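As a plain string of letters, each chain reads:
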Amino acid sequence: MDLGEINPVLLVASLMVAATPLLLAAIGELVVEKAGVLNLGVEGMMIVGAISGFAISVETGSPWLGFVAAAIGGAVLSLLFVLLTQVALANQVASGLALTLFGLGFSALLGQSYVGIKPPSMGEIHIPVLSDIPVIGPILFQHDPILYVGITLTAAVWAALKYTRAGLILRAVGENHDAAHALGYKVIKIRIMAIMFGGACAGLGGAYISLIRVPQWTEGMTAGVGWIALALVVFASWKPWRVLLGAYLFGGITVLQLNLQAAGVAIPVEYLAMSPYIITILVLVILSADKSSAPASLGRTFHASH
Amino acid sequence: MIVLEKRPQPSKAWSYATPLVAVIATMVFGGILFAILGKNPIEAIGTIFWEPLFGEFAFYYRPQLLVKGAPLVLIAIGLSLGFRAGIWNIGAEGQYIMGAIFGAGAGLAFYPLEAWFIFPIMVLAGAFGGWLWATIPAFLKVRFGTNEILVSLMLVYVAEQFLASVSLGLLKNPEGFGFPGSRNLQSYESAHNAELIAGSGMHWGVVAAFIAVIFAYVLLNRHMLGFHIRLTGEAPRAAKFAGVNPARLILFCLGLSGALAGLAGMFEVSGPSGVVSIDFNVGYGFTAIIVAFLGRLHPVGILLAGGIMALTYIGGEIAQSQLGLPAAAIQVFQGMLLFFLLAFDLLTNYRIRAARSEVA
Amino acid sequence: MKFTSLLASAAMALGLATGAMAQDKTKVGFVYVGPVGDGGWTYEHNEGRLAVEEHFGDKVETVFVESVPEGPDAERVMTQMALEGADLIFTTSFGYMDPTINVAKKFPDVKFEHATGYKTAPNVSVYSARFYEGRAVQGLIAGSMTKSNIIGYIGSYPIPEVIRGINAAYLAAKEVNPDVEFKIVWAYTWFDPAKEADAAKVLIEQGADVILQHTDSTAPQAAAQEAGNVITFGQASDMSEYAPMPRVSSIIDNWAPYYIDRTQAVMDGTWETVNTWDGIGDGMVGIGEISDAVPADVKEKALALKDAIASGEYHPFTGPINKQDGSVWLAEGETADDGTLAGMNFYVEGLEGEIPQ
């Protein structure tokens, strides 16, 4: 056992990569939930994003187009959820689960001819000068562009929710849809936009796995990331920066446990493998002292009765 | 312009008709999907819905519907009680695993002793394992206000790792040449949850599922506790005035759903499955959430929904081997069925009317 | 109990009847644990099925069901295939062992072939591949090419199959490079590409410049490519899209010859229970082309080792070999017996760390 073999700089850099799909999906879901909608179909939207992004970037040779396609793919799938929950007023929990089931199957059908292909590579941005700074350089300035997109998106969502009128309306819809409706806001329309934004973000997160982190296409390759993303939103008590923190924490523990294994630390492996989940629970218990709670209308169906 | 008008009372007629309409719509759209995949749609649909029930080998498939449906129903019944009260246990998969581990562990501790009391002890141990795993989120919620959705979900992953650990270590079959997995309980008579009438598919888990349905029905309709559960879900403030103790309700609902999921795991491991292995769990805990909602959180509805889910699984397997449909197509088909069941439910509670365009 | 046997025999009679009806075509069923699009384990079994179809043309009909969970679902799928007249059924996952035996009892006239298990019956054969032979070849290349003397190994679960591979690779690497050190990471999953990618990155960060994997995705290949001077080996399928670097060679599961052989045996009526454990020599384990990134002398040695193993001249586990605790396992010149190999649950001397139990 030699802990000296673990390089903290590389550890932090790689946990940022590991956390990015989680972050993207969770920040999208945060907006959805802020609007008062609980979409449990994140995993389904991610995997559809993963295959849309993969297929398009293989066909066009451009990873950028792939990510655009992934966002569109996720958003289009989320329209099914819109149809069920906003038009047909169906139960959101069940609709979300159905969406995941459908998405997993649908992506597998789409992906049949893409097994065993290598996608075009996106490369990393090495910001000149800054990336050469010791310690900070490799951590902050030597990543792929989408990782920065994720962080930027977090900041944008935070600022939009906090400072813009649109953010205020979104929160109002999530807190009390009847009051928001009475004030003349179009509850359904706002929710539809939020859901599609969530779908697009989940799609990006999925494509990050199939195009950058792994990169390849196999059925069911998101392997439960969507569920963790859902958990993260609750974990973060619906605060964007805490989503970032949570994603890094979760990604960090996952990467750290692998590091400890490789360094030969004599903790039984199965307990190390459990550790990300157990630590998440512990942190959650500590954070539950914070009483800032869920959007009040979360998961409730809205129907404007005149 | 078309508007929705909420019915004063849910329509009885539509509540019976919507599942039928949904199934027909699924057949139409599923048929289109199968046609795109180059299969004869009528043949494919017929295979999925007809073969398991009335086909040449229905004598084998009908009992299998019970085997496949029972754990779904048993888990979903427990979940539905909590869901009605707004208590979200989505970690039934983990409770199912723990029930199986505890149940099998209790049985194997007696190996090779043959005695009548072993199986009842396993049943208790299985229920206890599930109860224990569900009580963790319940306790954290009551004591610290921690969100139960997240904790119960996280505990699924912990349970999966624990399952891998015992399959490779504690419960590993000493005569298994080092391979993972426990002894097969099917060949340990005192611990075997055998079919009560061979070939019928009826094992104790199926019996337990039926009992749970009746129990839940009576509880919800005839018992004070059931009233409190419904009240808490529908009108939390009113529930408070009615003297509902929320902490006790949380502990009860989560604990019971955990115990039922644990029982399902225990009956599965001691019967149809036989061994504790790394891949023992196959997603019943998650599918049961869908079953609970498909059944509209109503005990009888859940029974029917469990049957329909089991039917599409078994019919789907037949369609795969007979027609070469990919498993993914079956998954999409199941997804469609859920979509339509959920969407057409609209007609039960709302009336669609044409109306003049007006400012919303 | 009377009713039982009545029902069982009715089922059997029906099964036989349909079986007889389909006599003109031999029907072969395959039960898969993953999707055929997994690009690894199930994908290669399906390639074997396609090879059977191609080889026999109209004389054979194949059916398969994918993503079948181990346990009662597997039992149902097998029964269904048997009822529908399959003559031969391949069940391709270790967890199908007991279900295969159960179903085989009910259908004595249907032949079953179970992959990677150990329970046989009059109508159940078992088959598996000696992947460790390929691991030895990989170990030789890995040991020769590492500059940091650190080789990373990604394991799925600590089961004999994986442990055997680690030992074989280590012994071969040690043979050519006494300073070599193995870092082993257990992913505790069969399939999670993202986690495999993380594991590979961690190993590379901790100094490994060779990555061996016992998981099926190409994620470690991509991670190695990104890192630069790291070499890898394809697993289950060739993964040639990553050649010549980082993928320098591969182990390929090649089930086709066996599947064709056994189908032929059923057609000829010569099928009998066997316990097959084939390696490089019989073509069940293929060694993917060794790329130009490997120095010529190393390549030559690797090919020589491959040939020696194929001809049976050399056994990857040939004494003297001690166990990790220093106790003697194999004396000078002694080779490992199949029983010990099949259930291998210990590291050989020199490997560090403990096998998780």
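Criteria and cut-off values
- Residues numbered from 1 in each chain as written.
- Chains lettered and ligands numbered in written order.
- Predicted model: local features only at pLDDT ≥ 70, side-chain atom pairs only at ≥ 80, totals over all residues.
- Helix = DSSP H or I, 4+ residues; strand = E, 2+ residues; numbered from the N terminus.
- Rg over C-alpha atoms; globule rule 2.2 N^0.38 Å.
- Buried ≥ 20, exposed ≤ 12 C-beta atoms within 10 Å, placed from the backbone.
- Contact = placed C-beta atoms within 7 Å.
- Axes fitted to C-alpha atoms, helices over the stretch in contact; angles between N-to-C directions.
- Parallel < 35°, antiparallel > 145°, perpendicular 65-115°, else oblique.
- Left-handed = near helix turned anticlockwise from the far one by under 90°.
- Nonpolar A, V, L, I, M, F, W, Y, C, P; charged D, E, K, R; others polar.
- pLDDT = per-residue confidence, 0-100.
- Domains from an automatic or database assignment.
- Pairing = 2+ DSSP bridges.
- Core = buried A, V, L, I, M, F, W, Y, C linked by C-beta atoms within 7 Å.

(A) Representation of the overall build of chain B in the model. Scanning chain B from terminus to terminus reveals 15 helices and two strands. Whereas a compact globule of 360 residues would reach a radius of gyration of roughly 21 Å, chain B reaches 22 Å, a difference of no more than 12%. For chain B, the C-alpha atoms occupy an extent of roughly 75 × 60 × 35 Å along the three principal directions. Burial statistics for chain B: of 360 residues in total, 59% are counted as buried. A fraction of 79% describes how many contacts in chain B between residues 6 or more apart in sequence connect residues 24 or more apart.

(B) Up close: the packing of helix α5 (residues 131-145) of chain C against helix α10 (residues 296-310) of chain C. Residue and element names in this part refer to chain C. α10 packs onto α5 with a crossing angle of 160° between their chain directions and a minimal axis gap of 10 Å. With respect to each other, α5 and α10 are oriented roughly antiparallel. Here α5 and α10 pass one another in a crossing that is right-handed. Across from Glu133, Ala136, Val137, Leu140, Ile141, Ser144 and Met145 in α5, the residues of α10 making contact are Val298, Lys301, Ala302, Leu305, Lys306 and Ile309. Grouping the amino acids of the contact of α5 with α10 by side-chain chemistry returns nine nonpolar, one polar and three charged.

(C) Inspection of the confidence of the model for chain C at higher detail. Residues and elements named next belong to chain C. With 94% of its residues at a pLDDT of 70 or more, chain C shows a mean pLDDT of 88. Element-level pLDDT for chain C is lowest in helix α1 (residues 2-21), with a mean of 45, against a maximum mean of 96 in strand β3 (residues 88-91). This model gives residues 1-22 a pLDDT under 50, and the stretch forms 26 contacts once residues within four places in sequence are excluded. Model confidence for the complex: the whole-complex pTM is 0.87, and ipTM, which rates the interface, is 0.86.

(D) The arrangement of the domain arrangement of chain C in detail. Residues and elements named next belong to chain C. Along its sequence, chain C is organised into domain 1 (2-129) and domain 2 (131-245 + 286-342). Taken together, the contact pairs eight residues of domain 1 with six residues of domain 2. When residues of the side of domain 1 that touches domain 2 are assigned to their parent elements, the largest contribution, three residues, is made by helix α2 (residues 41-56). A class-by-class count of the residues in the side of domain 1 that touches domain 2 yields four nonpolar, two polar and two charged.

(E) Representation of the interface of chain A and chain B within the structure. Each side of the interface is counted separately: chain A has 36 residues, and chain B has 36 residues. At the level of elements, α3 (63-87), α4 (92-110), α10 (225-235) and α12 (269-287) of chain A are the ones that each hand at least two residues to the side of chain A that touches chain B. Counting residues per element, the side of chain A that touches chain B draws most heavily on α4(A), at twelve residues. A per-class count over the side of chain A that touches chain B returns 27 nonpolar, seven polar and two charged.

(F) Looking closely at the interface of chain C and chain B. Opposite the 39 residues of chain C that make contact, chain B presents 33 residues. Of all elements in the fold, only α1, β2 (60-65) and α3 (72-83) of chain C reach the threshold of two or more residues within the side of chain C that touches chain B. When its residues are assigned to classes, the side of chain C that touches chain B shows 23 nonpolar, ten polar and six charged.

(G) Layout of the packing of helix α8 (residues 204-222) of chain B against helix α9 (residues 224-234) of chain B. Residues and elements named next belong to chain B. Where α8 contacts α9, the axes come no closer than 5 Å and their chain directions differ by 75°. With respect to each other, α8 and α9 are oriented roughly perpendicular. Counted together, Leu219, Leu220 and Asn221 of α8 and Leu225, Gly226 and Arg230 of α9 form the full contact between these two elements.

(H) Representation of the sheet that holds strand β12 (residues 285-288) of chain C in the model. All names here are of chain C. The mixed open sheet is built from six strands, whose spatial order is β7-β6-β8-β9-β10-β12. One side of each edge strand has no neighbouring strand; the edge strands of this open sheet are β7 (181-186) and β12. Averaged over all pairs of adjacent strands, the angle between strand axes in this sheet comes to 20°, irrespective of strand direction. Where strand β6 (residues 150-155) lies against strand β8 (residues 210-213), four bridges are found, and the strand directions are parallel. If you follow Tyr153 over to β8, its bridge partner there is Leu212. Here α5 sits on the sheet in contact with β6, β8, β9 (231-234), β10 (247-253) and β12, set at roughly 175° to β10.

(I) Main features of the nonpolar core. The biggest cluster of nonpolar side chains holds 346 residues, and the ones touching the most others in it are A:Leu22, A:Ala26, A:Leu232, B:Leu74 and B:Ile75. Per element, the largest residue contribution to this core is 16 residues, and it comes from helix α9 (residues 187-213) of chain A. A domain split of this core shows at least three residues from each of domain 1 (2-129) and domain 2 (131-245 + 286-342) of chain C. Leave out the neighbours within four places in its chain, and A:Leu22 touches A:Val225, A:Ile228, A:Ala229, A:Leu232, A:Ala247, A:Phe250 and A:Gly251.

(J) Examining unusual backbone geometry more closely. Residue and element names in this part refer to chain C. The amide bond that connects Met245 to the next residue, Pro246, takes the cis arrangement and shows omega of 0°. Mapped onto the fold, Pro246 is located in the loop between β9 and β10. In this structure, the amide linkage connecting Gly319 to the following residue, Pro320, adopts the cis form with an omega of 5°. As for its placement among the helices and strands, Pro320 is situated in the loop between α10 and β13 (321-322). Here Ser67, not a glycine, exhibits a phi torsion of approximately 50°, which is positive. Within the element layout of this structure, Ser67 appears in the loop between β2 and α3. Among the residues examined, Ser67 registers 23 C-beta atoms within 10 Å and is labelled buried. A positive phi angle is found at Asn149, which is not glycine, with a value near 65°. Relative to the assigned elements, Asn149 resides in the loop between α5 and β6. The class for Asn149 is partly exposed, based on 16 C-beta atoms found within 10 Å.

(K) Highlighting the sheet that holds β3(C). All names here are of chain C. Across the sheet, six strands lie side by side as β2-β1-β3-β4-β5-β11; this open sheet has parallel pairing. Of all the strands in the sheet, the pair left with one neighbour each is β2 and β11 (275-278). In this sheet, neighbouring strand axes are inclined to one another by 20° on average, regardless of whether the strands run parallel or antiparallel. Two elements, strand β4 (residues 111-115) and strand β5 (residues 124-129), share four bridges in a ladder whose sense is parallel. Note that in β5 the partner of His114 across the bridge is Val126.

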